[in-house]
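# Fold and contact review
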Amino acid sequence: MVVPEEVRRIAEDIQTMKIRGAGRIARAAARALMIAAQEYKSGGLDEFLDYMEQVARLLVSTRPTAVSLPNAVNYVMKVLRENKFQDIEEARKAVIEAAQGFIEYSEQAVKRIGEIGARLIKTGDRILTHCNSSAVESILVTAWRSGKRFHVYATETRPRFQGYITARNLAKAGIPVTLVPDSAVLQVIEAKRITRVIVGADTVTANGAVINKIGTSQIALAARLHRIPFIVATETYKFSPYTVVGQPVEIEERPPEEVLENPPPGIRIRNPAFDATPPEYIDMIVTERGIIPPKSAALVLWEMFRRSPVEMSQLRVEEDTTG
Ligand SMILES: O=P(O)(O)OC[C@H]1O[C@H](OP(=O)(O)O)[C@H](O)[C@@H]1O
C-alpha cells in the first residue's frame, strides 16, 4: 500500500520546517503513524507491519538531529514490534493508542516543565533565550502568569529567524521582550546584566551535552564568562539512547540558500543547524521528571529505556530507502 498523502505531507512539512521544534516534530510523527494505521486498507497483517515500518523510516529520515523524532516513532512502533496480533484491527488499535499516548505525554510534559521551571524564575530577572522552544516558552509563560515580573531578550536565530516566533508568542502573553541579533549576545549579557539563560534542546546525550540550535554553545560560553546560570528545558524523550555507546549525534546541514541566495562565484556556504554545548557549561536541565544536573543524563536514559547500552544503541530506525 502506498503511503497516504496526508502522511507524506507531514513528512514533507517536518523536512521543510513548516512543522518545527523538537517536541512538535515528535508529536507530528506520532500523529502521522496514527493516520497511516487508520488509512490502511489493503493486505494482511504482515503487509500492514511492513507498511508501518516503511512509514516509520520515511518519518525518521526527514530530519537527522532531534532524537525526539526517532524516539517518538520507536515508542509507537514498539507495540507492533514486540507484540503478536490476531488481526489488523487489533494491530491498528494498538498503534492508535500508542500514538495518542505519546502525544498526550508530550503535551503534559511541556506543561509540567513550565511548572517546575517557573520556580527558577525570580521577579527582576533578565532572561536570555535562543531560537524557539515550547519548553522554554512554557516556563516563561507559567512564571509570568504566577505573578513574577521579568524581561526576556530573544535572539533572532539566523538563518531561519525562529527567535521572531519566541518574541511574538511572549509579547502575546504580555511578557516584555526585546529581540536582539545573534551577534549581540555578549554585549547584551554585559549591558543588560542578564541574570539567566534558558534554552531548549533537540537532543541530550548520555554524558549530558545538549544539542540545540546553532549558536547555543557560543551563548553558553558567554554565560560562563559572566557566571550566569545556563539552564536547559527539555522533555526526557529528547535524551538519546544511541549516545550511550558513543554514537555521535548527526548535525543537520541545511540548504545554503537559507544563508544566502545566489552567492557570488567563489563563495562557499556552510549552514549547520545545530551545535553541541558540553555538560560543563550547563548548570541544570529542567525535565518533566524534575531538575537534574547534566551529568545525570545517563540515569534518565537508563530509567526510560531499561535496556542494556547495546540494545539502546540498536534502536535507530534505518534510513528511508523507499524514496
Ligand atoms: O521542543 P521545543 O522545546 O519546542 O524545541 C526544541 C528545539 O527545537 C528547535 O529546533 P528547530 O527549530 O526545529 O530546528 C530549536 O533548536 C529548539 O531549541
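Residues numbered from 1 in each chain as written. Predicted model: local features only at pLDDT ≥ 70, side-chain atom pairs only at ≥ 80, totals over all residues. Heavy atoms only, no water.

## Looking at the sheet that holds strand 6 (residues 210-213)
The strands making up a sheet associate through hydrogen bonds between their backbones, and the pairing can be parallel or antiparallel. In space, the 3 strands of this open sheet follow the order 5-6-8, with antiparallel pairing throughout. Strands at the two margins of the open sheet, each flanked by one partner only, are strand 5 (203-204) and strand 8 (274-277). Here 4 bridges tie strand 6 to strand 8, and the two strands are oriented antiparallel to one another. The partner of Lys213 across the bridge, within strand 8, is Phe274. Across the sheet, helix 9 (residues 216-225) lies against strand 6 and strand 8, angled at about 35° from strand 8, the strand it touches most. (Pairing = 2+ DSSP bridges. Helix = DSSP H or I, 4+ residues; strand = E, 2+ residues; numbered from the N terminus. Contact = heavy atoms within 4.5 Å. Axes fitted to C-alpha atoms, helices over the stretch in contact; angles between N-to-C directions.)

## Quick word on the UniProt feature "binding site: substrate" (unreviewed entry) in the chain
Mapped onto this structure's residue numbering, the UniProt feature "binding site: substrate" (unreviewed entry) falls at Arg20, Gly21, Ala22, Gly23, Arg63, Asn212, Lys213 and Lys238. Spanning 219 residues, the named residues nonetheless gather at one spot, since no C-alpha pair among them exceeds 14.3 Å. Mapped onto the elements of the fold, Arg20 is located in the loop between helix 1 (5-15) and helix 2 (22-39). Looking at Arg20, the relative accessible area reads 11%, which means it is buried. Those residues within four positions of Arg20 in sequence are excluded, and the remaining contacts are Ile25, Arg63, Cys131, Asn132, Gln162 and Ile165. Reaching out from Arg20, the side chain makes a polar contact with the backbone oxygen of Asn132 at a distance of 2.8 Å. Summarising the element assignment, Gly21 is placed in the loop between helix 1 and helix 2. (UniProt positions renumbered as here; feature names shortened; annotations may be inferred. Buried < 20%, exposed > 50% of the residue type's maximum accessible area, 1.4 Å probe, protein only. Polar contact = N/O pair within 3.5 Å; in protein donor to acceptor, adjacent residues only side chain to side chain.)

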